[in-house]
Amino acid sequence: KLHEEMSIPLYFGWFPFYTVQEKVKERSMNFLKTLEVLESFKKHISDFSKEEGKEVDLEQFFKAKGTLHCTTKFTDYGKAEGAKEYTENKTVEDLYGSVTELSLSALFVTPRTVGARVSLSEDQLQLWPEDAEKEAEPVVPGASTLPKGSRAHVTLGCADGIQPVQTGFDLLQILLLQKDGKQAEQEEIDPGTLTYYGEGRWYLALKEPISAASCFSSVYK
Ligand code: 2AM
């Protein structure tokens, strides 16, 4: 019995290979460097800094949160809802340790988090929990109306005092604004189309998605 309880990890997810991690971190840094010098970003700098005329160093503003990964299911050692079912799911067992190519299709920034959106393939969606979007509903009303897999992301950094779980909420909120066709400022920059959704929310749809070879595994900490 004890063994059974111990065998449920903290979370399951896809873990990019080391060299891929380095590539993604570099793309993330370049995104922040590009963003902070843009006139359009400077115009909305008050979203990030309340001090009049103050510049913001985004690379300092966001702190990295350990190994990069795309969480599929936060199981919390069995305490999270559906943890046991997910751990014992046949597809999860079968695909455990398998390698897949994740597609990072966008980078986004909010005053809380910086992250990469992951566009899941049909195969990858098999590992995506049925209720991942619905579980975000108390924080992001309407999240459950978005397609399955909408919450998939890699947390690249968090502002002081922010937990990484926030990155998925920020992404869902941006996707809801997109879906509602909210009027937004848009411009073309080298890596793709940059959109400002208000309240410090910036979304860069990449012309060329970043391909990230990753292993499906879990973390016990
Ligand atoms: P993340 O997936 O946005 O990075 C360990 O805490 C990992 O599980 C983190 O990577 C974190 O966020 C994710 N996580 C923490 N709490 C969660 C929750 N309630 N739901 C989904 N993912 C969660």
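Not measured: the values here are computed from a predicted model.

**Q** Help me understand the site of the ligand, please; the structure alone is not making it clear to me.
**A** The local shell around the ligand consists of Tyr11, His69, Thr71, Phe74, Arg151, His153, Thr155, Pro164 and Val165. Here an oxygen atom of the ligand and a side-chain polar atom of His69 are 2.6 Å apart. The separation between a nitrogen atom of the ligand and a polar side-chain atom of Arg151 is 3.5 Å. Against a free-state accessible area of 460 Å², the protein chains account for coverage of 76% of the ligand.

**Q** Hey, could you run me through a nonpolar patch on the surface in this one?
**A** Taken together, the side chains of Tyr77, Tyr96 and Tyr220 define a hydrophobic patch exposed on the protein surface, amounting to about 300 Å² of accessible area. Within the secondary structure layout, Tyr96 lies in the loop between helix 6 (90-95) and strand 3 (99-109).

**Q** How should I be thinking about the pattern of salt bridges in this particular structure?
**A** Oppositely charged side chains may form a pair once their charged atoms are brought near each other. Considering all chains together, one arrives at nine salt bridges under this definition. Between Lys43 and Glu185 there is a salt bridge, and its shortest N-O distance comes to 3.6 Å. Remark: Glu185 occurs in strand 6 (residues 185-189) and Lys43 occurs in helix 3 (residues 39-43); sequence separation between them is 142 residues. Accessibility expressed as a relative area gives 35% for Glu185, which makes it partly exposed. A salt bridge links Glu88 to Lys84; the nearest nitrogen and oxygen atoms lie 3.2 Å apart. Of this pair, Glu88 and Lys84 both sit in helix 5 (residues 83-88), four residues apart, which is roughly one turn of the helix.

**Q** Which parts of the structure should I look at to understand the packing of aromatic side chains?
**A** Ring pairs (aromatic) are described by centroid distance and by the angle formed between their planes. Tallied over the full model, the rule gives eleven aromatic pairs. A centroid spacing of 5.6 Å and a plane angle of 55 degrees characterise the contact between Phe41 and Trp202, whose relative ring orientation is tilted. Here Trp202 lies in strand 8 (residues 202-219) and Phe41 lies in helix 3, a separation of 161 residues in the sequence. Taking the relative accessible area as the measure of exposure, Trp202 reaches 2% and is therefore buried. Measuring from ring centre to ring centre gives 5.6 Å for Phe48 and Phe61, while their planes differ by 70 degrees; the resulting arrangement is edge-to-face. With a gap of 13 residues between them, Phe48 in the loop between helix 3 and helix 4 (58-61) and Phe61 in helix 4 connect regions that are remote in the sequence. Since its relative accessible area comes to 10%, Phe48 is described here as buried. Every member of this aromatic cluster is reached through a ring pair, and the members are Phe41, Phe48, Phe61, Phe62, Tyr196 and Trp202.

**Q** It is not clear to me how unusual backbone geometry should be interpreted in this structure. Could you clarify?
**A** Phi is mostly negative for residues that are not glycine, and the peptide bonds are mostly trans. Unusually for a residue other than glycine, Asp76 sits at a positive phi of about 50 degrees. Relative to the elements of secondary structure, Asp76 occurs in the loop between strand 2 (70-74) and helix 5. Backbone geometry at Lys221 places phi at a positive 70 degrees, although glycine is not the residue there. Positionally, Lys221 belongs in the segment after strand 8.

**Q** So what exactly am I meant to see when it comes to helix 2 (residues 18-37) here?
**A** Since the α-helix turns once every 3.6 residues, residues separated by three or four places project in the same direction. Taking 1.5 Å per residue, 20 residues should reach 28 Å; helix 2 reaches 30 Å between its end C-alpha atoms and fits that length. If you check which residues of helix 2 are buried, you get Val20, Gln21, Val24, Ser28, Phe31, Leu32, Leu35 and Glu36. Across the axial projection of helix 2, the buried residues extend over an arc of 135 degrees, all falling on one side. In this structure, helix 2 carries Thr19, Glu26 and Val37 as exposed residues pointing more than 90 degrees from its buried face.

**Q** Would you explain the nonpolar core in this entry?
**A** Proteins that are soluble and globular tend to have nonpolar side chains buried together. Core analysis: the largest hydrophobic core is formed by 43 residues, its most contacted members being Leu35 and Val109. For this core, the elements supplying multiple residues, two or more each, are strand 1 (11-16), helix 2, strand 3, strand 4 (113-119), strand 5 (153-158), strand 7 (192-196) and strand 8. Here this core gets seven residues from one element, more than from any other, and that element is strand 8. Those residues in contact with Leu35 that sit more than four places away from it in its chain are Phe41, Leu58, Val109, Leu194 and Trp202. In this structure, Val140, Ala143, Leu172 and Tyr197 belong to the second largest nonpolar core, which totals 15 residues.

Rules used throughout
Residues numbered from 1 in each chain as written. Predicted model: local features only at pLDDT ≥ 70, side-chain atom pairs only at ≥ 80, totals over all residues. Heavy atoms only, no water. Near = heavy atom within 4 Å. Polar contact = N/O pair within 3.5 Å; in protein donor to acceptor, adjacent residues only side chain to side chain. Areas by Shrake-Rupley, 256 points an atom, 1.4 Å probe, with all protein chains shown as cover. Patch = residues over 30% accessible without salt bridge, like charges linked within 9 Å, V, L, I, M, F, W, Y side chains within 5 Å. Salt bridge = Lys/Arg side-chain N within 4 Å of Asp/Glu carboxyl O. Helix = DSSP H or I, 4+ residues; strand = E, 2+ residues; numbered from the N terminus. Buried < 20%, exposed > 50% of the residue type's maximum accessible area, 1.4 Å probe, protein only. Phe/Tyr/Trp six-rings, centres within 6.5 Å; stacked < 30°, edge-to-face > 60°. Expected span 1.5 Å × (residues − 1). Arc of directions from axis to C-beta. Core = buried A, V, L, I, M, F, W, Y, C linked by side-chain atoms within 4.5 Å. Contact = heavy atoms within 4.5 Å.

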